[in-house]
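So you can see what is in the structure, the chains are spelled out below.
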Amino acid sequence: MEPDQMKKMAAEAAMAYVENGMIVGVGTGSTANHFIDLLAGVRSRIDGAVASSEASAQRLRDHGIAVLDLNAVGTLPLYVDGADEANPYRQLIKGGGGALTREKIAAAASEKFICIADESKLVDVLGRFPLPVEVIPMARGLVARELVKLGGQPILRQGFTTDNGHIILDVHNLEILEPITLETQLNQIPGVVTVGLFAQRPADVLLLGSGTGVKRVPM
């Protein structure tokens, strides 16, 4: 089975968490796009959505779904998003699409965070996928030097600017044995806006599309 089919399976499984009258938080990327497309079929029974990126916001509007401001909504009952990597504790690496800051805000504001992915994203130890770090441009050199001290190899994502007007350093060669500790440490570096580690606020449920169906973590 193709990975895209497995992503769609996971997105379909996440629809079970969508309730009438909900305002739904939605993430960014290919897997989240499947979920947005499925939301279009129930747009008459939800009150709208909060998007984690301009791209997702536009896709929602194209489907006729009202896009709301998080500040006006407050707490989200549900947030659904994909991941670049996930471990068995539902801690994640996110940010491959560059929307990590707004994704982290939406996840923190949610009562339930559902992560949807294909089974290849599940790993024992995070770090094979380069860790995205969103950085204020003037701090690029400072942050890069600090990341090198921690054993990483930061590479500037060329030609990319986040929706917030910042740059991204993708950090290679990290073996993340203590995700919460590293997330805290990286957040303390001056100039770091957000790190793409979702460990302090992990997913509540991980739905993994596979060749044999959708696997749920925890069972």
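Look up: the structure comes first, before these words.
No experiment lies behind these values; they were computed from the predicted model shown. Along each chain, residues carry numbers from 1 onward, in the same order as the chain's sequence is written. Whole-chain, interface and lining totals are the exception, using all residues; otherwise, since this is a predicted model, local features are given only for residues with pLDDT of at least 70 and side-chain atom pairs are given and counted only at 80 or more. Excluded from the side-chain calculation are hydrogens and water; included are all heavy atoms of the structure.

Core analysis: the largest hydrophobic core is formed by 23 residues, its most contacted members being V24, F35, L39, I114 and I116. Only DSSP runs of H or I covering at least 4 residues are called helices, and only runs of E covering at least 2 are called strands; the numbering of each starts at the N terminus. Mapped by element, the contributors of at least two residues to this core are α1 (3-14), β1 (23-26), α2 (30-39), β3 (78-81), β6 (113-118) and β12 (205-210). Throughout, a residue-residue contact means that at least one pair of heavy atoms, one from each residue, lies within 4.5 Å. Among residues more than four places away in sequence, those in contact with I116 are A10, A11, A14, T31, F35, V80, D81, G82, A83 and L207. By size, the runner-up hydrophobic cluster in this structure holds 21 residues, among which are V135, I167, L169 and L197. Remark: nonpolar core denotes a set of buried residues (Ala, Val, Leu, Ile, Met, Phe, Trp, Tyr, Cys) joined through side-chain atoms within 4.5 Å. To sort residues, take the accessible area from a 1.4 Å probe on protein chains only and compare it with the maximum for the residue type: under 20% means buried, over 50% means exposed, and anything in between is partly exposed.

This part is about the packing of α1 against α2. Packed helices, taken two at a time, are described by their axes: the angle between them and the distance between them. The axes used here are C-alpha line fits, helices contributing only the stretch in contact, and every angle between their N-to-C directions lies in the interval 0 to 180 degrees. In the contact formed by α1 and α2, the axes pass within 8 Å of each other and the chain directions differ by 50°. If you check the angle between α1 and α2, you find them oblique. As for how α1 packs across α2, the hand of that crossing is right-handed. For the pair α1 and α2, the contacting residues are D4, K7, K8, A11, E12 and A14 in the first and S30, T31, H34, F35 and L38 in the second. Residues are grouped as follows: nonpolar covers Ala, Val, Leu, Ile, Met, Phe, Trp, Tyr, Cys and Pro; charged covers Asp, Glu, Lys and Arg; every other residue, Gly included, is treated as polar. Partitioned by chemical class, the residues of the contact of α1 with α2 number four nonpolar, three polar and four charged. With respect to orientation, any angle under 35 degrees is reported as roughly parallel, any angle over 145 as roughly antiparallel, any angle of 65 to 115 as roughly perpendicular, and every other angle as oblique. Helix crossings get a hand from a simple test, with the near helix turned counterclockwise from the far one by less than a right angle marking a left-handed crossing and a clockwise turn marking a right-handed one.

Let us now look at the pattern of salt bridges. Salt bridges are defined by distance alone: a side-chain nitrogen of Lys or Arg within 4 Å of a carboxyl oxygen of Asp or Glu. According to the stated counting rule, one finds 11 salt bridges in the structure shown. Of the charged contacts, one joins R59 and D37 as a salt bridge, the two residues approaching to 3.0 Å between their closest N and O atoms. Here R59, found in helix α3 (residues 54-62), pairs with D37, found in helix α2; they are 22 residues apart in sequence, far enough to count as distant. The exposure class of R59 is partly exposed, given its relative accessible area of 29%. In this structure D37 comes out as partly exposed when scored by relative accessible area, which is 31%. R128 is the partner of E85 in a salt bridge, and the nearest nitrogen-oxygen pair spans 3.9 Å. Of this pair, E85 sits in strand β4 (residues 85-86) while R128 sits in the loop between β6 and β7 (131-135); the two residues are 43 residues apart in sequence, bridging distant segments of the chain.

Right, let's get into the packing of aromatic side chains. Here a Phe, Tyr or Trp ring, Trp counted by its six-membered ring, pairs with any other such ring whose centre lies within 6.5 Å, and the pair is stacked when the planes are under 30 degrees apart, edge-to-face when over 60, and tilted otherwise. Scanning the model with the defined rule gives two aromatic pairs in all. The interplanar angle of 40° and the centroid separation of 5.3 Å between the aromatic rings of Y79 and F113 together place this pair among those described as tilted. Here Y79 is found in strand β3, whereas its partner F113 is found in strand β6, with 34 residues between them in sequence. Comparing Y79 with F113 shows no difference in burial state: the two are buried. Judged by centre distance (6.5 Å) and plane angle (55°), the rings of F113 and F198 are tilted. Of this pair, F113 sits in strand β6 while F198 sits in strand β11 (residues 197-198), and the two are 85 residues apart along the sequence.

Before going further, it helps to examine the sheet that holds strand β8 (residues 153-156). Across the sheet, four strands lie side by side as β8-β9-β7-β10; this open sheet has antiparallel pairing. What marks the edges here is a single partner per strand, and that holds for β8 and β10 (192-195). Here the average twist between neighbouring strands, direction ignored, is 30°. Strand pairing is defined by DSSP finding a minimum of two bridges between the two strands. Bridging between β7 and β10 involves three bridges; their strand directions are antiparallel. By the bridge assignment, E134 is partnered in β10 with T194. Of the strands in this sheet, β7 and β10 are in contact with helix α7 (residues 179-187), which crosses β10 at around 165°.

Worth remembering: the numbers are spatial, not functional.
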